[in-house]
Amino acid sequence: MNSFSRRHRPTAAVLISLAVAAGVTACGSGSGGGSEGADSGTYTVWDPYPQFAKGSAWTNLLDKCGTAAGVKIKRTAFDTSDLTNKALLAAQQGNSPDLLIVDNPVVSTLAEAGVLTTTDDNKLDTSKTDPNLLAAGQSGGKTYGTPIGANTLALYYNKKVLKEAGVDVASVKDWPSLTAALEKVKKAGKKGITFSAIGTEEGSFQFLPWFWGAGAKLTRLDSAQGESALSLWKGWVKSGVAPNSVLNNTQTTSWQEFTTGEYAFAENGTWQLAGAKKAGLDFGVLPIPGASGGNAAAPTGGEFVTLPAQDDTGRYPTSQKLATCLTSTQNLYDTDTTLSYVAPTTEVQDKQVAADAELKPWVAAVRTAKGRTSDDLGTKYPKISEQMWKAVQSALSGSKSPKDALTDAQSAVK
């Protein structure tokens, strides 16, 4: 059992350096809410869902799971970046929560810092979880939690714009056919595709399906395959089928462009589905195609339920009961419906599609999705990602060729 005793706690300097590596800003000591000093009948849960207040479906589920385990739940919600800092610093102080729900790329950072127990230690069952989604929470051959749900990227398309341009969406099967469709749309007087290429993690997140769809690997940014992906985006901007605004677009502003009804395609996520319906657009969803066909692997978003290490290892069995309750089949279905996520198990995914056929392309995208820290990249990913988005910015702005931008990026990573 990983007891994580005080003498093994990482120093503040180590924790802060890991926080910086994860792309977050170090802050002061974490607020209260950890298990140390707490009533033994009270278990603490930290999550990144401040949008859900007490009385919401999410907090009601937490309370329900607490009642089933015979304990009270003390829940604290943080913004995603703040949560990472609080978790790192709470671990140093011996004040970690019993359950910690974090964005999946952060798991490896917390694991490397010694903050989390492994599923071998905490006995959390992950046997039903799709392996490609579970991989986002694995590091060094060990698993640190289980996904509560997943989101990913696909292409939304405007049926009216495509019809007016004479484009059959069924013809879009690879990069050449997608580019041909975009050119046809532009010729018809409409706008082609919008996406986010901003110089942040959002830009890398949106570039990854094309990068992976070309067959490129994050360990080699300057491969010919990576260059072909960046050249694709560069060509779209240069020819005008994608707007110059993509350089500054977040996923939100890109979505706002699509909801004007002027664009044929938009790369965006599962979380926009409700907004698409509300906008009154006649839309469809298409998995992002690979360079030569098939579905490209898109990056997985979504959170993991993890069990931080405790001095009192006797708390683990109850924490495991709580985590198991939150990720049980019925509760996953309810939670992922609330979060607009695709479930991490085939059983619940099938149930979601049976209830809402519009989720079918999203389930297909999630089943081929890939964790950003997969391939045992762990805490190396943030540095690689930063150089990736810088390369995208340099190429699309015209300051460097795609080849030079990625060559410089790879050199910076080394």
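The model shown is predicted, which means the values in this text are computed figures rather than measured ones.

## Brief notes about helix H16 (residues 360-367)
Phase 1: Considered for burial, the residues of H16 that qualify are Pro361, Trp362, Val363, Ala365 and Val366.
Phase 2: Elements in contact with the buried residues of H16: helix H6 (131-134), strand E7 (153-158), strand E9 (263-269), helix H12 (273-278), strand E10 (283-286) and helix H15 (346-355).

## As for the pairing of strand E11 (residues 303-306)
Phase 1: Side chains Glu303 and Val305 of E11 all project onto a buried face; the interleaved residues Phe304 and Thr306 project onto the opposite face, where all are buried too.
Phase 2: As defined by bridge partners, strand E3 (residues 99-103) adjoins E11 across four bridges and the pair is classed as antiparallel. Paired with Asp103 across the two strands is Glu303, which belongs to E11.
Phase 3: As paired elements, strand E6 (residues 146-147) and E11 share two bridges and run antiparallel to each other. Each residue of the ladder has a partner; that of Pro147, found in E11, is Phe304.

## Side note on the packing of helix H2 (residues 57-69) against helix H14 (residues 329-339)
Phase 1: H14 packs onto H2 with a crossing angle of 155 degrees between their chain directions and a minimal axis gap of 10 Å. Classified by the interaxial angle, the pair formed by H2 and H14 is roughly antiparallel. The way H2 lies across H14 gives a crossing that is left-handed. Taking contact as the criterion, the partners of Ala57, Trp58, Leu61, Lys64 and Cys65 in H2 are, on H14, Asn331, Thr335 and Thr338.
Phase 2: Here the residues of the contact of H2 with H14 sort into four nonpolar, three polar and one charged.

## Thoughts on the sheet that holds E7
Phase 1: The strand order E8-E9-E7-E10 describes an open sheet built from four strands, whose pairing is mixed. Of all the strands in the sheet, the pair left with one neighbour each is strand E8 (191-194) and E10. Going across the sheet, the axis of each strand differs from the next one's by a mean of 20 degrees, ignoring polarity.
Phase 2: Across five bridges, E7 lies against E9 in antiparallel orientation. Across the sheet, Ala154 pairs through a bridge with Asn268, a residue of E9.
Phase 3: In this fold helix H8 (residues 175-187) packs onto E7, E8 and E9, with an angle of close to 135 degrees to the strand it touches most, E8.
Phase 4: Where helix H11 (residues 251-258) meets the sheet, it contacts E7, E8 and E9, and its direction lies at approximately 150 degrees from that of E9.

## A closer look at H14
Phase 1: Taken together, the buried positions of H14 are occupied by Asn331, Leu332, Tyr333, Thr335, Asp336 and Leu339.
Phase 2: For H14, the elements touching its buried residues are H2, helix H13 (316-326) and H15.
Phase 3: In the stretch just after H14, Ser340 is the one whose phi turns positive, near 60 degrees.

## Looking at the sheet that holds E6
Paired through backbone hydrogen bonds, the strands of a sheet run either parallel or antiparallel to each other.
Phase 1: Here we have five strands laid out as an open sheet, ordered E2-E1-E3-E11-E6, and mixed in their pairing. A strand with exactly one partner marks an edge of an open sheet, and here the two such strands are strand E2 (72-77) and E6.
Phase 2: Lying over the sheet, H13 contacts strand E1 (42-47), E2, E3 and E11, oriented at roughly 45 degrees with respect to E3.

## Things to note about the environment of Val305
Phase 1: Its location among the elements puts Val305 in strand E11.
Phase 2: Residue Val305 is classed as buried on the basis of its relative accessible area of 0%.
Phase 3: Measuring from C-alpha to C-alpha, the distance between Val305 and Leu326 comes to 8.5 Å, with 21 residues separating the pair along the chain.
Phase 4: Apart from residues lying up to four places away in sequence, Val305 is in contact with Leu99, Leu100, Ile101, Leu124, Gly145, Thr146, Ile148, Ala323 and Thr327.

## Structural notes on the confidence of the model for the protein
Phase 1: For the protein, per-residue confidence averages 89 on the pLDDT scale, and residues scoring 70 or more make up 90% of the total.
Phase 2: Counting contacts from residues 1-38, a segment whose pLDDT is below 50, to residues more than four positions away or on other chains yields 87 contacts.

## Some points on the nonpolar core
Phase 1: Grouped together as the largest cluster of nonpolar side chains are 54 residues, with contacts concentrated most on Trp210, Phe211, Leu218, Trp233, Trp236 and Phe265.
Phase 2: Of all the elements in the fold, those that place two or more residues in this core are E7, helix H7 (159-165), H8, helix H9 (201-213), helix H10 (224-239), E9, helix H17 (381-397) and helix H18 (402-413).
Phase 3: Tallying contributions element by element places H17 first for this core, with seven residues.
Phase 4: When neighbours within four sequence positions are excluded, Trp233 is seen to be in contact with Phe195, Ser196, Ala197, Gly203, Gln206, Phe207, Trp210, Glu267, Val392 and Leu396.
Phase 5: Counting 27 residues, the second-largest nonpolar core is a separate cluster that includes Tyr43, Leu326, Leu332 and Ala343.

## Brief notes about the state of the cysteines
Phase 1: Counting across every chain of the model gives one disulfide.
Phase 2: Here Cys65 is linked by a disulfide to Cys325, with a sulfur-sulfur distance of 2.1 Å. On the sign convention where negative means left-handed, the S-S torsion of about -75 degrees between Cys65 and Cys325 marks this disulfide as left-handed. On the criterion of sequence distance, the pair formed by Cys65 in helix H2 and Cys325 in helix H13 is long-range, its members being 260 residues apart.

What counts as what
Residues numbered from 1 in each chain as written. Predicted model: local features only at pLDDT ≥ 70, side-chain atom pairs only at ≥ 80, totals over all residues. Heavy atoms only, no water. Buried < 20%, exposed > 50% of the residue type's maximum accessible area, 1.4 Å probe, protein only. Helix = DSSP H or I, 4+ residues; strand = E, 2+ residues; numbered from the N terminus. Contact = heavy atoms within 4.5 Å. Pairing = 2+ DSSP bridges. Axes fitted to C-alpha atoms, helices over the stretch in contact; angles between N-to-C directions. Parallel < 35°, antiparallel > 145°, perpendicular 65-115°, else oblique. Left-handed = near helix turned anticlockwise from the far one by under 90°. Nonpolar A, V, L, I, M, F, W, Y, C, P; charged D, E, K, R; others polar. pLDDT = per-residue confidence, 0-100. Core = buried A, V, L, I, M, F, W, Y, C linked by side-chain atoms within 4.5 Å. Disulfide = S-S within 2.5 Å.

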